Amino acid sequence: MFPNLFIINSTGEVLIEKHWEGKAPRKVVETFMEQQVKKERKIDVTPVIETPKCFLVHSRRGDIVLLTAINKETAPLFVLEIHNKIMQVMYHYFGPSVSSRTVRDHFSLIYHLLDEMVDGGFPFTTDINQLQAMIQPPTIVNKMMETFANSDSVKKALPEGMLTKIPWRRTGVKYHSNEICFDLLEEINCIIERNSNLSVCEIKGSIVCTCRLSGMPDITLTVTHPSLIQDAVLHRCVRINRFRRDRVISFVPPDGRFTLLTYFLRGPAQLPIFVRPSITYTDGSGNVSISIGSKMREYKAIEDIKVVIPFPKEMLSSNLTANSGSVSTVETATGHHREVHWNLPRIPQNKSPTLEGSVLFPPGFKADYRPTLVVHFNVKMWNTSGLQVDGLNVTDVKYKPFRGVRTATRAGRFHVRC
Amino acid sequence: MTSRRKKGGEYFKTSNQRGEINELKKNLKEQKTEVRKDAVKKVIAFMTCGTDVSPLFNDVVQSIGTSDLELKKLVYLYIINYARKQPDAALKVVSQFRKDAQNSDPLIRALAIRTMGCIRIPKITQHLVPALKQALKDKDDYVKKTAAICTVKLYDINKEVVVDSKEDFITRLRALISEGNPMVVFNAVAALTEIGMKSGKDVFAMDSNMLRALAATLSECNEWGQVYLLDALAAYEPSEKEATSIMQRVTPQLKHKNAAVAMSAIKVIMKYLPLVESKTTRKVTLDAMRPPLITLLNHSIHPPEIQYVALRNMNLIIQRFPDMLTGFQYLKEFFCEYNDPIYVKIEKLEIMVRLAANSNIDLILTEFKSYAKEADTEFVRKAVRAIGRCAIKLPEKAQKCVQVLLELIKTGVNYVVQEGIIVIKDIFRKYPNKYEQIIGVLCDNLDSLDEPEAKASMVWIIGEYSARISNSEELLKNFAETFENEGPQVQLAILTAVVKLFLYKPNKAGDLVKEVLSTCTKKVDNPDLRDRGFVYWRLLMNPATAKQIVLGKKPEISDQTFQIESKTLDVLLANVNTLSSIFHKPPAQLVKGGRTTNFKTKDQADDEDSSDDSDESSSEDEESEEEEAEEEKPKAAAAPTNLLGLDDGPTIEESPAAVESKPTTASPSNKPVVVLSATRGQNFAGLEVATKFAKRNGDLCLNLYMKNKSQQPLTKFLFKFNANFLGLNCAEFKPPTISPGSTVQYSAPLTYEGKISDQNFGQIQAALKTQLGVAFFYIPFSDWSLIFDKDEAIEDPKEFLSKWEDLEDHKLPISSPKGTDPSFVQKSLEGVGMRKMAYRQLDASTGHACMFLSSNILDEDVLVEVEFKSGNLIAHCRADKHAEVAIKIVDSALS
C-alpha cells in the first residue's frame, strides 16, 4: 500500500500532497524536518524513520524530498521504488533537472500524473509510454497548441495496448525512414589504492537502443562474448527464457530510446588512464603533485578529464598550477570539503599533464588528511570489456532499416586514494 | 484566460482569492464546455494546495452529466476529495455514478466504479455493492481490475459486506485469480492481500492450484504485480516439493531491476529454503542469491535510500548464512565511498565487521584505516570502533588491529585518540595483560582527553595496570585533582582506579585514596558514588579480601554483543523486506500487527489521541507499549515525593560542577546564517540576507547582514514575522539605504508580543519587502541560551517544589539522545541556559534516575525534570504557557 505522498522542498514547505488512504496530518512533515535539522548534511537523514505515530519513508532527489508516512506494515522498498518511479516519470516529462521550481511550475500536471500512477494506494499506470499516451509532456509544441487551439494535455481515450501482452509498445507507429541504433556504453567504477592497486573495480555496461521503426518489428541481437552479459538486468521486452537458453537478445522494442540491458563486470579491467597522486605534509602545508596520462596502447582521444581533489574545510589556501588545463577551487554544497577542480579538455599527446603546488592548513591542524580523488573522463569508440554487436536481425516488417552501433566509455565513480 | 493555462503553478499566484472564487462560480454555470473545464481545473488547483473550495461543490457537480470525458474526470476528481465534507450533496450525484457504471464505454464504467469507491461515507454502500458486483463480472478486463481494487475501498467503508459469505465478494475475487490476464490476476491478489491484512483473516486461502496459477503468471506481470504475487507466495506454507519448484520459478526475479521485486523474491527464498532438505538445491539457491544482493548495493542503479534498506536486510541474512559473502570479491562491495550518505557508510561498516574473518582481516583493516583519516567525524569514530570490534572478534588477529589503532592514536587527531582509547579499554578487558606495552603511547595523549567516556576508559586502564605503570600514582593524582568537576562516569572510574592503585602500591597511594574516598563520601551528592565510596572504605579495612575482590579475575567480553538471538533472527528473516527487518525488531514490537488504523481526517487530527488510545488498549499487540505507559504514570506521580526527600538533607547544595562547568554545546548560531540568497529567490533576486539572533542591552534582537546584489539602491523596507513558536515580533525595522554592492548590518529589536503558533518549531518565518519584491524565508532559531534566563531561574528548592506540584506536567520521551549519562545531560542543558537543581538516583541497579533543572523564559518559571530510564531519556516540563516550547528545546538540546 502506498497511502500518501508529500513532495516538500528543502525548507519543509509542502509543494504537493496527495492522500490515497485516509489523510495523514501535515504534522508528519514537521516531524521529518525536526529529524533533518539534527543532521549536519541533509543527505544524512536516515531513509526510514520510526516515530511514535507512524514511520516516515523518504527519498531525496536534488532539492526535493518525497515523503510517505506509513502506519502499518508496508515493505519500505515498495514505497521507495514508487518514489523512484515517480521521479523517473518526472525526469521524463520535465528533463533531468527536476527541482522544487519544476514541481511548482507543473503542479497540476504532476497532480494528474500521480492520480494515474497510483489508485487507492495501489500502483496503477506506471509505464512511461502508457502515461505519455494519456498525458502529454509539456513540450513547446504542446504549449503552442494549448494557447492557440485550446486543445488539452490530457488525452481523451485509454491508450491502446494497456491490457495487451506488449504494453510497452504502442500500435500504429509510422516513420518515413526506419532506423535502429545501439549504443554500447560502459562506465568504470573503481577505487585505486595508494600503491596503484585496484582494490575495487567494476564495469557497468549498458546497451541503449534508439528505435525508430514502423509497425511491430521483432529484433534479434547477438553479441560477441555473450558470457559477459550473463548477469544482465534486462528490459522487460527481452524474452527472458530465450536469453537464458541461447544468450540471444530477442525482443519487440518500445518506441524511442530505452535501455535494453545493463550488465556488470567485476574484477580487474583495462583502465584507459592512470592517475598518480602524492601528498606530503610539512608544518601544516601540504605538497601536492598529481600526474595523469593515457594507458592506451593505440591512440584514442580521452576527453573531458576532470580531477576533483576534496580538501577538508579547514584548508586555508591552495596554490596549485597545472601545465595543462585549468584549475579552480570550489566550496562543496555540504560545506564539508573545499574541492580543487582540475579540468582538461583532452590529454595532450606530446606532454604528460601534471598538477603541482601546495596547500596551506591553519597552525595546529594535525594534517594527515589523504583525500580521495574523483576522476571523470570520456573515451569514444572504445570500451573496456571489448563487447561488440555480432549480428542484428529485424523481422516481421517489410522494410530494411538503417542500423548503427556506437561504443563509448566514461568514468563512473572513479576514485583514486592517496 | 488561455495564457493562465500554461502552467499549473500560475493558478496559485492569485492575491484576491474571494473574488477569484466568485468568478469561478460564474464560469461553472457557463454553457461552454471549455470554460467550465477551465474553471474546474482551477478549482482543483486551489483544492490541491489546501484552499477550501467546498462551497463550490454544487456548482462543480452540475457538470457531471457531460459527455466530455476530461471534464467528467475532473469532476470525479473533485468529488473524491470533497464528498466527505458534503456527503448529502454527494449522494445526489450517486444516480449519475450508477448510470455511468452501465455506460457502453468501459473507461467510463471503470471511472464511475473507481470514484464511487473513493466516497467514503456509509450511505454509498447500498449503491456501490450492486454496481461493484456487476463490475467484478464485467466482460472488460480493465473494469474488472478496477473493481478488484475498489473492493478494498468498499472494505474500508463497510467491512461486513465484503467478508459476508452471502455477498460472495471474496469468492469473486478469488475467481479472478484463475483468469488469464496478468493485470487482473495481480490486482485481485493485491486486493485479497490487503483485505486479509486488514481483517486479520486468511481470506486468500491459497491452495496448490492457486499457487500454480500465481507462479505461472509471475513472469508476465508488471513489476508491482510481481511484488504482490511474491508477497502472497511468501505468506503461503508450502510442502517441500512445492517449495523447490516455486523457488525455481522465483529465482529469475532476483535479477529484477526493481529492488522491491528482488527483495520480495529474497523473502520467498528465505521462507522456503529451510523447508528444503536437498543440499544441492540449497547451495544452488544461495549461489543465485549472491549477485542480486550485491546488485542492490549498486549506486549506479539504486539510490542510497534503497541501498540502506538492502544493507539492513543483508545484515540479517549474513547472520544466518555467515559464509555467504566473506570472499574478497564480495567484501569489496561494502567499501565505503567518501560521498556516500552517513547511514549507508555506517551500515557498510557494520556488515564488514560481521564479515571479518582471519582470511580477510588485512584487507578490512587497510580499509578501516583509510576511513579513520576522512573528514567526517562521526564516521571516523565508527571506523575506529569497528577496528576494536574486529580485534575482539578475532583473537589471532588482535595484534594487527591493535597495531592499526596505535598508528591512528599516534596521529594525535583529538577525536581519533579519544575513540581509540575507548576501544583499547575493551581490548584490554578481552585480552588481559597482553598489550600493556602500548600504555606508554596512550599516556602521551592524556591532556587531549575531554570526553567522559574516553577519560573514564583511560582512568580504568591506568588503574588496572597501575602496578606496571611507574608513575601511575602521579597520573591518577592529576585526575583526582579535578575530581569534583567530572561527571559521575569519570568519578566512578577514578574511585575504582585509585582503590586498585592503593592495593598494588599501598605505600605510595595512601594519601590519595583517603582523599578520594573522603570526597566521595562527604562532598558528593551522587548517592551511587557515595555508596560505592563507603563500600570500598569498608573493604579496604581488610586488604587481603579487598585484593581478592577488586583485583580478581573478571569475566571476559566477547563480540556476541551485537549478535541477534537465534529465535528472533528466525522471526526477522521471515519478515525480510518489512519494517521489522529495518529496525531489527520483531513485528509485534514494532507495528500494530494486522490492525487497520487509517490516518485521521484533518479535522479529527486536531483533537488527537483521546479516542485513539482507548481503542488500542484492547489489542494484544499493544502490550509492550501499554505496559510502558503504565509504568511511567506512577513514576511521574512519585517524582515530587522523591524531591521532597531532598530538601531536608544537606545534599541539596549545588554541586560545584554545576556552577563552574561552562556550556560545552557549541551554540550553532555563532555565525550568521544565510537565510536568503541573492540568486535563489523565486520571484525575488538581488538581496542576500544573513541573520543572527543576539542580545543587546538585555533585549533580544535580530542582527541582519544585508548585501545588495542588485543594480539599484534599496531604501524602503518592510519586515514582518509570521506567527511563530516563540511569539516573536519585530516592531521596528528601519535599516539605512543599501547602495548596490554594499553590505549593511542592522540590528532589529524584537518583542515577544507577536502571535504564538505551534507550527515550525525552531524556525521563524519572515517576510521582507523591498523595491525588489517580497521574499519569504525561514530564520532558524537554535541558540536557546538567548531566551532561557538562568539568572532569573528559581534557586530555592522549596519554591521549586511547590511550583512543581502546582503546574501541569508535559512529557516527551527523547527519541534519539546523543548521550544518556547525567553529566552529558547536565552540560547540554546548562549550555542552553538552565540551572541544575538536583540529581537523584532512584534505582542504582537499573540506572533509573532523575535530574531537576530550572530556568526562566520571558519572566515565566520553567521547571524541567529529565528521567533516566534503562538507557532512555524522558523529559518532563512544567510551566504556565511555554511548557510545550521548553520541552521541545530540551529535546533539541539533547538530541
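Residues numbered from 1 in each chain as written. Chains lettered and ligands numbered in written order. Predicted model: local features only at pLDDT ≥ 70, side-chain atom pairs only at ≥ 80, totals over all residues. Heavy atoms only, no water.

Let us look at the overall build of chain A. Scanning chain A for helices and strands turns up seven helices and 23 strands. Going through the 418 residues of chain A one by one, you find that 56% of them count as buried. For chain A, contacts bridging at least 24 residues in sequence account for 68% of all contacts bridging at least 6. (Helix = DSSP H or I, 4+ residues; strand = E, 2+ residues; numbered from the N terminus. Buried < 20%, exposed > 50% of the residue type's maximum accessible area, 1.4 Å probe, protein only. Contact = heavy atoms within 4.5 Å.)

In this section: the pairing of strand E4 (residues 55-61) of chain A. Residue and element names in this part refer to chain A. Most of E4 sits inside the fold, with seven of its seven residues counted as buried. Relative to E4, strand E3 (residues 48-50) runs antiparallel, the two sharing three bridges. Looking at the pairing, Ile 49 lines up with Leu 56 of E4. As paired strands, E4 and strand E5 (residues 64-70) are joined by seven bridges and run antiparallel to one another. The residue bridging Arg 60 from the neighbouring strand is Val 65, located in E5. Between E4 and E5, which follow one another and run antiparallel, lie two residues, and Gly 62 among them has a positive phi close to 65 degrees. (Pairing = 2+ DSSP bridges.)

Before going further, it helps to examine the side chain of Glu 81 of chain A. By the secondary structure assignment, Glu 81 of chain A is in helix H2 (residues 76-94). Here Glu 81 of chain A sits buried without a salt bridge, and the closest side chain of opposite charge, Lys 85 of chain A, lies 7.1 Å off (N-O distance). Filtering out sequence-adjacent residues up to four positions away, Glu 81 of chain A remains in contact with Trp 224, Lys 257, Asn 258, Ala 259, Ala 260, His 302 and Ile 306 of chain B. (Lys, Arg positive; Asp, Glu negative; His and termini not counted. Salt bridge = Lys/Arg side-chain N within 4 Å of Asp/Glu carboxyl O.)

Next up on the list: the side chain of Ser 466 of chain B. Mapped onto the elements, Ser 466 of chain B comes out in the loop between helix H25 (452-464) and helix H26 (472-481). Those residues in contact with Ser 466 of chain B that sit more than four places away from it in its chain are Ser 472, Lys 500, Leu 501, Tyr 504 and Lys 505 of chain B.

Owing to its 3.6 residues per turn, the α-helix brings residues three or four apart onto one side. Residue and element names in this part refer to chain B. Compared with an ideal rise of 1.5 Å per residue, which puts 17 residues at 24 Å, helix H8 (residues 141-157) spans 25 Å between its outermost C-alpha atoms and is within 8% of the ideal. Burial of H8 is extensive: 15 of the 17 residues sit out of reach of the surface. If you check the start of H8, you find a side-chain oxygen 2.7 Å away from the backbone N of Tyr 142, and it comes from Asp 140. (Expected span 1.5 Å × (residues − 1). Polar contact = N/O pair within 3.5 Å; in protein donor to acceptor, adjacent residues only side chain to side chain.)

Let's shift gears to the sheet that holds strand E17 (residues 317-322) of chain A. One key point about sheets: their strands pair by backbone hydrogen bonds, in either a parallel or an antiparallel sense. All names here are of chain A. With antiparallel pairing, four strands are arranged side by side in an open sheet as E14-E15-E20-E17. Each edge of the open sheet carries a strand with a single partner, namely strand E14 (273-282) and E17. In this sheet, neighbouring strand axes are inclined to one another by 15 degrees on average, regardless of whether the strands run parallel or antiparallel. Across ten bridges, the pairing between E14 and strand E15 (residues 285-294) is antiparallel. Each bridged residue has a counterpart across the sheet, and for Thr 282 the counterpart in E15 is Ser 285. (Axes fitted to C-alpha atoms, helices over the stretch in contact; angles between N-to-C directions.)

A few words now on the interface of chain A and chain B. The partner chain B presents 114 residues to the 103 residues of chain A that form the contact. Lys 72 of chain A serves as the salt-bridge partner of Glu 194 of chain B, at 3.4 Å between the closest nitrogen and oxygen. Linking chain A with chain B are 20 residue pairs in polar contact (both at pLDDT 80 or more), by the criterion used here. A total of eight residues in the side of chain A that touches chain B trace back to one element, the largest contributor, which is H2 of chain A. Residues that form the side of chain A that touches chain B fall into these classes: 39 nonpolar, 24 polar and 40 charged. (Nonpolar A, V, L, I, M, F, W, Y, C, P; charged D, E, K, R; others polar.)

Here the focus is unusual backbone geometry. The backbone of His 225 of chain A sits at a positive phi, close to 50 degrees, despite the residue not being glycine. You can see His 225 of chain A is positioned in the loop between strand E10 (218-223) and strand E11 (233-234). A positive phi angle, close to 55 degrees, is found at His 584 of chain B, a residue other than glycine. Secondary-structure assignment places His 584 of chain B in the loop between helix H32 (579-583) and helix H33 (587-590). Looking at His 584 of chain B, the relative accessible area reads 17%, which means it is buried.

Moving on to the confidence of the model for chain A. Looking at chain A, pLDDT values average 84 and 92% of them are 70 or higher. Low pLDDT (under 50) marks residues 145-163 of chain A, which in the prediction has 48 contacts with non-local residues, meaning those over four places away or in another chain. (pLDDT = per-residue confidence, 0-100.)

This paragraph deals with helix H4 (residues 107-117) of chain A. Taken across its eleven residues, H4 of chain A has ten buried, putting it largely inside the fold. Looking only at H4 of chain A, the buried set comprises Phe 107, Leu 109, Ile 110, Tyr 111, His 112, Leu 113, Leu 114, Asp 115, Glu 116 and Met 117 of chain A.

It is worth spelling out the sheet that holds E3 of chain A at this point. Strand order in the open sheet formed by five strands is E2-E1-E5-E4-E3 (chain A), with antiparallel pairing between adjacent strands. Of all the strands in the sheet, the pair left with one neighbour each is strand E2 (14-19) and E3 of chain A. Taken over all neighbouring pairs, the strand axes of this sheet differ in orientation by 20 degrees on average, direction set aside. Lying on the sheet, helix H1 (residues 27-38) of chain A is in contact with strand E1 (4-9), E2, E3, E4 and E5 of chain A; it crosses E4 of chain A at an angle near 65 degrees. Of the strands in this sheet, E3 and E4 of chain A touch helix H17 (residues 304-320) of chain B, which is tilted by about 135 degrees from E4 of chain A.

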